[in-house]
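Remarks on the overall topology
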Amino acid sequence: MLEFASTDKMTGAKKVRFEIQSDNYFKEDPEYKPRVDLYCSNGKLKFGDFNPGVRLAPPNRPGFWGQPQLEVMVRVDDTHYFKGWNWMRGHFLSMDKGTIRA
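One structure accompanies this document, and this report is about it. (Residues numbered from 1 in each chain as written. Predicted model: local features only at pLDDT ≥ 70, side-chain atom pairs only at ≥ 80, totals over all residues. Heavy atoms only, no water.)

Looking now at the overall build of the chain. Counting its regular elements, the chain contains one helix and eight strands. Reading the secondary structure of the chain in the N-to-C direction produces β-β-β-β-β-β-β-β-α. Over its C-alpha atoms, taken along the principal directions, the chain stretches across nearly 40 × 35 × 30 Å. Per-residue burial for the chain yields a buried fraction of 28% across its 102 residues. The long-range fraction of contacts in the chain, counting pairs at least 24 apart against all pairs at least 6 apart in sequence, stands at 28%. Accessible surface for the chain amounts to roughly 7,500 Å². Of this, 54% is attributable to carbon and sulfur atoms. Positive and negative side-chain charges of the chain, numbering 16 and 13 respectively, have mean locations separated by a distance of 7 Å. (Helix = DSSP H or I, 4+ residues; strand = E, 2+ residues; numbered from the N terminus. Buried < 20%, exposed > 50% of the residue type's maximum accessible area, 1.4 Å probe, protein only. Contact = heavy atoms within 4.5 Å. Areas by Shrake-Rupley, 256 points an atom, 1.4 Å probe, with all protein chains shown as cover. Lys, Arg positive; Asp, Glu negative; His and termini not counted. Charge placed at Lys NZ, Arg CZ, Asp CG, Glu CD.)

Here you go:
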């Protein structure tokens, strides 16, 4: 896990990004490890992203506000869930806070 810290010059807020990299690679880009990025501000979780490092499939459902989402299967411990993560221009998925906390 990597940690990147900074301080907002305007507000003095301490911002931290945690990057958790996978141990394996996709065939499309063997140099880039898939990763989960967690963003915190003043010690509180703000949001998280999943970046596989490859082009994602198109969104397959609309979100509550109409934003494009991709339905993913998430495994937490030994339980599987289906979640709708926001699709961000085909490059990464914005994860919901419930999944991040689990």
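In a soluble, globular protein the nonpolar side chains are often hidden away together inside. One finds Leu38, Leu56, Leu70, Val72, Val74, Val76, Trp85, Trp87, Leu93, Met95 and Ile100 forming the largest nonpolar core, which totals 11 residues. For this core, the elements supplying multiple residues, two or more each, are strand S6 (68-76), strand S7 (79-88) and strand S8 (92-95). A per-element tally of this core places S6 first, with four residues. Contacts of Val72, omitting those with residues within four sequence positions, involve Tyr81, Phe82, Lys83, Trp85 and Leu93. (Core = buried A, V, L, I, M, F, W, Y, C linked by side-chain atoms within 4.5 Å.)

Moving on, we come to the pattern of salt bridges. By the definition in use, this model includes five salt bridges. Of the charged contacts, one joins Arg17 and Asp37 as a salt bridge, the two residues approaching to 3.7 Å between their closest N and O atoms. Linking Arg17 in strand S2 (residues 14-21) with Asp37 in strand S3 (residues 35-41), this pair joins segments that are 20 residues apart in sequence. Exposure remark for Asp37: the relative accessible area of 8% places this residue in the buried category. It is possible to trace a salt-bridge network through shared partners that takes in Arg17, Glu19, Arg35 and Asp37. (Salt bridge = Lys/Arg side-chain N within 4 Å of Asp/Glu carboxyl O.)

Overall, antiparallel pairing links the eight strands, which are arranged S1-S2-S3-S4-S8-S7-S6-S5 in an open sheet. Each edge of the open sheet is held by one strand with a lone partner, namely strand S1 (2-7) and strand S5 (61-62). Sheet analysis places S5 next to S6, joined by two bridges and oriented antiparallel. From the neighbouring strand, Arg61 faces S6, where its bridge partner is Gln69. (Pairing = 2+ DSSP bridges.)

Okay, the packing of aromatic side chains next. The tally for this structure, following the rule as stated, stands at three aromatic pairs. Measuring from centroid to centroid gives 6.4 Å for Phe50 and Trp85, while their planes differ by 55 degrees, and the two rings are tilted. With a gap of 35 residues between them, Phe50 in strand S4 (residues 44-51) and Trp85 in strand S7 connect regions that are remote in the sequence. Of the residues examined, Trp85 reaches a relative accessible area of 8% and is grouped as buried. Relative to Trp65, the ring of Phe64 lies with its centre 5.0 Å away and its plane at 90 degrees, an arrangement referred to as edge-to-face. The two residues Phe64 and Trp65 agree in class, both being exposed. Arg35 extends its terminal NZ or CZ atom over the ring of Tyr32, reaching a point 4.1 Å from the ring centre. (Phe/Tyr/Trp six-rings, centres within 6.5 Å; stacked < 30°, edge-to-face > 60°. Lys NZ or Arg CZ within 6 Å of the ring centre and 35° of its normal.)

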